[in-house]
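Examining the three-dimensional arrangement
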Amino acid sequence: MPGGAVDEGADPVRLVKAADPVRLSVLKTLLEAEGIPYFVQGEESLHMLPIAGQGGIFSKDGLAASVMVSENYIEQARAVIEASDVSFDGEDLEPD
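Residues numbered from 1 in each chain as written. Predicted model: local features only at pLDDT ≥ 70, side-chain atom pairs only at ≥ 80, totals over all residues. Heavy atoms only, no water.

Observations regarding the nonpolar core
Formed by 15 residues in total, the largest nonpolar core has its most connected members in L15, L27, L31, V67 and V69. Elements supplying a minimum of two residues to this core: β1 (12-18), α1 (21-33), β3 (65-70) and α2 (74-83). Sorting elements by how many residues they give to this core places α2 first, with four residues. Excluding residues that lie within four positions of it along the chain, L31 makes contacts with L15, I36, Y38, V67 and A77. (Core = buried A, V, L, I, M, F, W, Y, C linked by side-chain atoms within 4.5 Å. Buried < 20%, exposed > 50% of the residue type's maximum accessible area, 1.4 Å probe, protein only. Helix = DSSP H or I, 4+ residues; strand = E, 2+ residues; numbered from the N terminus. Contact = heavy atoms within 4.5 Å.)

The following block contains the structure:
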């Protein structure tokens, strides 16, 4: 189910560690449009302070959300990111 769970029996894998709430929202929309199951850990921390994702004293190493995808969908999720017109270069994309 997009936005709520990963496949039963499959391990979740971190796709992106995002400190920018706008990019996180775009990524969630892209995954949902493709029907890729995911969940987000730590999203609430991005809204705690107005400077959390704006390059201030808090960075992706501190206040950041992890987008978790089923290991069965990780390659498809990476392909969605690569095919998008949105730059995720500033985010921590997990390597292959």
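So that's the structure; there's more coming.
Observations concerning α2
Turning to α2, its buried residues are I74, A77, R78, V80 and I81. Seen along its axis, α2 keeps its buried residues to an arc of 155°; they face one direction. Exposed residues on α2 whose side chains face more than 90 degrees from its buried face are E82 and A83. (Arc of directions from axis to C-beta.)

A few points about the pattern of salt bridges
Tallied over the entire structure, the rule returns one salt bridge. For E75, the salt bridge goes to R78, with nearest N and O atoms at 3.0 Å. Placement of the pair is E75 and R78 together in helix α2, with a separation of three residues, close to one helical turn. Given the relative accessible area of 13%, R78 is considered buried. (Salt bridge = Lys/Arg side-chain N within 4 Å of Asp/Glu carboxyl O.)

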